[in-house]
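Each chain, written out:
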Amino acid sequence: MYSITVRDHMMIAHSFRGDVFGPAQRLHGATFVVDATFRRSELDSDGIVVDIGAATQELGSVLADLNYRNLDEEPDFAGVNTSTEMLARVVADRIAGRIEAGALGEGARGLEGLVVTLHESHVAWASYERSL
């Protein structure tokens, strides 16, 4: 399986519901380094997994919709704990939607998988992997 990974970051504010979250139940900020890994078993006709520039641009566009936002105020997240794991899925699903819409070009239609990893720090991160 071939893969390429592109990286960006986002800064958000949010809070959690539930005793398991302790002090994180209060409003707090988080900065995530975000990796998006695109996978396919065979390279496309240009000999690539996907155009790195296009992948970087689309990851940035997805993150721009979340960056500098208080997720507690976003209708898409009403009543949901916006955990690192959950946000990894949101980013992956939004990138997948852009792939399906053709934003990464026709060659990207042959992609088979996508993994999005949100790094909370240098010692903790969460990923979501999905088929395309």
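The model shown is predicted, which means the values in this text are computed figures rather than measured ones.

Thoughts on unusual backbone geometry
Moving on, step 1. Unusually for a residue other than glycine, Tyr68 sits at a positive phi of about 60°.
Moving on, step 2. Structurally, the position occupied by Tyr68 is in the loop between α1 (52–64) and β3 (69–70).
Moving on, step 3. For Tyr68, a relative accessible area of 63% corresponds to the exposed category.

Looking at the nonpolar core
Moving on, step 1. The biggest cluster of nonpolar side chains holds 32 residues, and the ones touching the most others in it are Val34, Phe38, Val50, Val91, Ile95 and Val116.
Moving on, step 2. Looking at this core, the elements with two or more residues in it are β1 (2–14), β2 (28–40), α1, α2 (84–100) and β4 (113–119).
Moving on, step 3. A per-element tally of this core places α2 first, with 7 residues.

What about the pairing of strand β5 (residues 125–131)?
Moving on, step 1. Sheet analysis places β4 next to β5, joined by 7 bridges and oriented antiparallel. Along β5, the bridge assignment pairs Leu114 with Arg130.
Moving on, step 2. Connecting β4 to the next strand, β5, in antiparallel fashion are 5 residues.

Thresholds, definitions, all that
Residues numbered from 1 in each chain as written. Predicted model: local features only at pLDDT ≥ 70, side-chain atom pairs only at ≥ 80, totals over all residues. Heavy atoms only, no water. Helix = DSSP H or I, 4+ residues; strand = E, 2+ residues; numbered from the N terminus. Buried < 20%, exposed > 50% of the residue type's maximum accessible area, 1.4 Å probe, protein only. Core = buried A, V, L, I, M, F, W, Y, C linked by side-chain atoms within 4.5 Å. Pairing = 2+ DSSP bridges.

Everything listed here is a matter of geometry and, on its own, says nothing about what the molecule does.
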